[in-house]
Amino acid sequence: FNFKSFASWAAGILLTIFILFQAVEFLTTPKKIAAENSIAIIPFTNIKNVEKYNWLTNQFSENLTFKLSESETFIVISRNRVTKKLNESKAAGTRELAQLGNDLNTNYVLFGSFTILENQIQIITTMIDAETQQVTPLVQEIYPINNLIQMVNDISNKVYKKLEDLSVRQDS
């Protein structure tokens, strides 16, 4: 019996098993996507639930998706993917929305709400960092309710500008 040969053989087997376990862990661990500024946009909430204006819940997210897709700074997660994960998760609070961002493998989740009061509409947009759960207010505005399409476009432009400005500050 050659003890050195046996020890060498056993060490080789143990090293092989260790490398195999490391490879399996590496290959099965979810990866963050490479883009630092990926964002998921979820439908806005109609706070007063005025049925006549429910179409705005998707209109805001659709417009923001389109506008942010023009950005060279942000990668926008597909709306279909966001909707599917949102329906599966039923995310509501900060922690759940941050988890939704992690599930979507994105850095940020953008969401908002609107409230209809007589002849005015108030819009609030907010972003959550999926990793830190930090909430960043983006835009809060009140508009007359007479030109909703223009208002949606205006909000999208303001959110776009605010996000670009935040991105520039983070880079410097």
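This text goes with the structure placed above it.
Residues numbered from 1 in each chain as written. Predicted model: local features only at pLDDT ≥ 70, side-chain atom pairs only at ≥ 80, totals over all residues. Heavy atoms only, no water.

**Some thoughts on the overall build of the chain**
Then comes step 1: Of regular secondary structure, the chain possesses five helices and six strands.
Then comes step 2: Ordered by position from N to C terminus, the α and β elements of the chain give α-β-β-α-β-α-α-β-β-β-α.
Then comes step 3: A compact globule built from 172 residues should have a C-alpha radius of gyration of about 16 Å, whereas the chain, at 23 Å, is more than 25% larger.
Then comes step 4: Dimensions of the chain, computed from C-alpha atoms along their principal axes, come out at roughly 95 × 35 × 25 Å.
Then comes step 5: Looking at the chain residue by residue over its 172 residues, the buried ones come to 37%.
Then comes step 6: Of the contacts made within the chain by residues no fewer than 6 positions apart, 61% connect residues no fewer than 24 positions apart. (Helix = DSSP H or I, 4+ residues; strand = E, 2+ residues; numbered from the N terminus. Rg over C-alpha atoms; globule rule 2.2 N^0.38 Å. Buried < 20%, exposed > 50% of the residue type's maximum accessible area, 1.4 Å probe, protein only. Contact = heavy atoms within 4.5 Å.)

**Brief notes about the pairing of strand 1 (residues 38–41)**
Then comes step 1: The side-chain alternation of strand 1 yields two buried faces, one formed by Ser38 and Ala40 and the other by Ile39 and Ile41.
Then comes step 2: Bridge count between strand 1 and strand 3 (residues 75–76): two bridges; the pairing is parallel. For Ser38, the partnering residue across the bridge sits in strand 3 and is Ile75.
Then comes step 3: Across three bridges, the pairing between strand 1 and strand 4 (residues 108–117) is parallel. Bridge pairing in strand 4 places Ile41 opposite Leu110. (Pairing = 2+ DSSP bridges.)

**Details of the environment of Glu70**
Then comes step 1: Tracing the backbone shows Glu70 in the loop between helix 2 (55–69) and strand 3.
Then comes step 2: The class for Glu70 is partly exposed, based on a relative accessible area of 44%.
Then comes step 3: Glu70 sits 90 residues away from Tyr160 along the chain, and the two C-alpha atoms are 9.4 Å apart.

**A word on helix 1 (residues 3–28)**
Then comes step 1: With 26 residues, helix 1 should reach 38 Å at 1.5 Å per residue; the first-to-last C-alpha distance of 38 Å fits that figure.
Then comes step 2: N-capping of helix 1 is provided by Asn2, with a side-chain oxygen placed 3.2 Å from the backbone N of Lys4. (Expected span 1.5 Å × (residues − 1). Polar contact = N/O pair within 3.5 Å; in protein donor to acceptor, adjacent residues only side chain to side chain.)

**Notes on the pattern of salt bridges**
Then comes step 1: Scanning all chains against the criterion turns up six salt bridges.
Then comes step 2: A salt bridge links Glu141 to Lys158; the shortest N-O distance between them is 3.3 Å. Placement of Glu141 in strand 6 (residues 135–144) and of Lys158 in helix 5 (residues 148–171) is noted, with a sequence separation of 17 residues between them.
Then comes step 3: The partly exposed category is assigned to Glu141, whose relative accessible area is 25%.
Then comes step 4: Note that Asp154 is salt-bridged to Lys158, the shortest N-O span being 3.4 Å. A residue pair is termed a helical-turn pair when its members lie 3 or 4 positions apart in one helix, as Asp154 and Lys158 do in helix 5 at four residues.
Then comes step 5: Owing to a relative accessible area of 31%, Lys158 belongs among the partly exposed residues under this scheme.
Then comes step 6: Overlapping salt bridges bring together Glu141, Asp154 and Lys158 as one network. (Salt bridge = Lys/Arg side-chain N within 4 Å of Asp/Glu carboxyl O.)

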